[in-house]
Amino acid sequence: MQNKEYVCRGHDYERLEAFQQRMLSEFPQAIAMQHPNHPDDSILQCDAQYLQIYAVTPIPDNIDVLQMDRVPDRIKSFYRVNNIRKFRYDRPFHKGPKDKENEFKSLWIERTTLTLTHSLPGISRWFEVERRELVEVSPLENAIQVVENKNQELRTLISQYQHKQMHGNINLLSMCLNGVIDAAVNGGIARYQEAFFDKDYITKHPGDAEKITQLKDLMQEQVHVLGVGLAVHEKFVHPEMRPLHKKLIDQFQMMRSSLYH
């Protein structure tokens, strides 16, 4: 097992910390590495045992299924975590001087994609990594992916309430809406606007025009999705939660006017 990488599917509801302890109990002499950076030669060639454990995100193969409106969310959730052969993890870093006013301007992502010998889950709960690829994601591309992923998360959650797959408790929707709207008012989208819609940035990066338009479209889409989410929230919200709903509506109006401005 020396200098080999595996992706393992943990037990149901098993936390990463619990999995780490389970692995360390199987290898009591091992030294746990506390970072996901690729080990250097001094570690790869030494006699001691090292264990490096970190979480990875599955990359589904069946993208078509996930994008179909008529496919139930339970089926989509199956394909998001099953029959997966590719996984990834991201490491954020700053390239060049870090902007103290707006760190999004220099925030790059080092993205590592791991391809396995077989798809998980299989006859085993872990398979060896046969290929690793590393790419750097620019600050603008990262912003596009963050907004796109949040829009997808919101759409899925709202759909579950609309189709009554989530019963009674509106807390999950309240938390999600509050997290997005509050972040947008106090930073988030506003920071992206400052970083990438600025005249200086547009002048210095003429090749990013298409991506800037894409980010603008995703932001407008987020406003629309949040509007639908707030309408659903108003329908199901408990009377005691009305003050929170009013706060969300007020903040949403601020966010929308700021974005249109």
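No experiment lies behind these values; they were computed from the predicted model shown.

Caption draft 1: Seen up close, the layout of surface pockets. Considering only enclosed or pocket space, the largest pocket measures out at about 1500 Å³ in volume. If you go around the largest pocket, you meet 48 residues; those closest to its centre are Y6, V7, F19, Q52 and I53. Secondary structure elements with two or more residues in the lining of the largest pocket: strand 1 (6–8), helix 1 (16–26), helix 2 (41–44), strand 3 (50–52), strand 5 (84–94), strand 6 (107–120) and strand 7 (126–137). Taken together, the residues that form the lining of the largest pocket break down as 32 nonpolar, eight polar and eight charged. Estimates place the volume of the second largest pocket at around 690 Å³. Lining the second largest pocket are 15 residues; nearest its centre among them are P60, I63, R88, N149 and Q152. If you list the elements that add at least two residues to the lining of the second largest pocket, you get strand 4 (57–59), helix 3 (63–67) and helix 5 (139–162).

Caption draft 2: How the structure looks around the environment of T115. Locating T115 in the fold gives a position in strand 6. Along the backbone, T115 and L154 are 39 residues apart, and their C-alpha atoms lie at a distance of 29 Å. Non-local contacts of T115, meaning those with residues more than four positions away in its chain, are made with R85, K86, E128, V129, E130, R131 and E133.

Caption draft 3: The domain arrangement of the protein chain, seen in detail. The assigned domain composition of the protein chain is domain 1 (6–137) and domain 2 (139–260). Centre-to-centre, using C-alpha coordinates, domain 1 lies 27 Å away from domain 2. Each partner contributes to the interface: domain 1 provides 13 residues, whereas domain 2 provides 15 residues. With both chains or domains summed, domain 1 and domain 2 bury close to 1200 Å², and 48% of this area falls on carbon and sulfur atoms. By the criterion of area lost to domain 2, the three top residues of domain 1 are D73, F104 and V137, representing 44% of everything that side buries. Where domain 1 touches domain 2, the interface holds zero salt bridges. Residue assignment for the side of domain 1 that touches domain 2 shows that the elements contributing at least two residues are helix 4 (73–81), strand 6 and strand 7. Top element by residues in the side of domain 1 that touches domain 2 is strand 6. It accounts for four residues.

Caption draft 4: Structural detail: the nonpolar core. Of all hydrophobic cores here, the largest spans 32 residues; its most connected members are L154, L173, F196, L215 and L226. Mapped by element, the contributors of at least two residues to this core are helix 5, helix 6 (171–186), helix 7 (189–196), helix 9 (209–236) and helix 10 (242–260). The leading source of residues in this core is helix 9, at nine residues. Filtering out sequence-adjacent residues up to four positions away, L154 remains in contact with C176, L177, V180, V225 and L226. In this structure, V7, I84, L114 and V129 belong to the second largest nonpolar core, which totals eight residues.

Caption draft 5: Structural context of the side chain of T112. Mapped onto the elements of the fold, T112 is located in strand 6. By relative accessible area, T112 is classed as buried at 1%. Sequence-distant contacts of T112, defined by excluding residues within four places in its chain, comprise F87, R88, Y89, R132, E133 and L134.

Caption draft 6: Broad picture of unusual backbone geometry. The amide bond that connects L120 to the next residue, P121, takes the cis arrangement and shows omega of -10°. Assignment of secondary structure puts P121 in the loop between strand 6 and strand 7. A positive phi angle, close to 55°, is found at N3, a residue other than glycine. Relative to the assigned elements, N3 resides in the segment before strand 1. In this structure, N83 is a non-glycine residue whose phi angle is positive, near 55°. Its location among the elements puts N83 in the loop between helix 4 and strand 5.

Caption draft 7: Broad picture of the pattern of salt bridges. Evaluated as defined, the whole model comprises 15 salt bridges. In this structure, E136 engages K95 in a salt bridge whose closest nitrogen and oxygen atoms are separated by 2.8 Å. With E136 in strand 7 and K95 in the loop between strand 5 and strand 6, this residue pair connects regions lying 41 residues apart in the sequence. Overall, E136 belongs to the partly exposed group, its relative accessible area being 40%. By sharing partners, the salt bridges in this structure join R88, D90 and R111 into a single network.

How each quantity is defined
Residues numbered from 1 in each chain as written. Predicted model: local features only at pLDDT ≥ 70, side-chain atom pairs only at ≥ 80, totals over all residues. Heavy atoms only, no water. 1 Å grid on protein atoms, 1.4 Å probe; cavity = no way out; pocket = protein on both sides within 12 Å on 5 of 7 lines; lining within 4 Å. Points joined across faces, edges and corners; volume = space filled by probe spheres on them. Helix = DSSP H or I, 4+ residues; strand = E, 2+ residues; numbered from the N terminus. Nonpolar A, V, L, I, M, F, W, Y, C, P; charged D, E, K, R; others polar. Contact = heavy atoms within 4.5 Å. Domains from an automatic or database assignment. Buried area = accessible area lost by both parts, 1.4 Å probe. Salt bridge = Lys/Arg side-chain N within 4 Å of Asp/Glu carboxyl O. Core = buried A, V, L, I, M, F, W, Y, C linked by side-chain atoms within 4.5 Å. Buried < 20%, exposed > 50% of the residue type's maximum accessible area, 1.4 Å probe, protein only.

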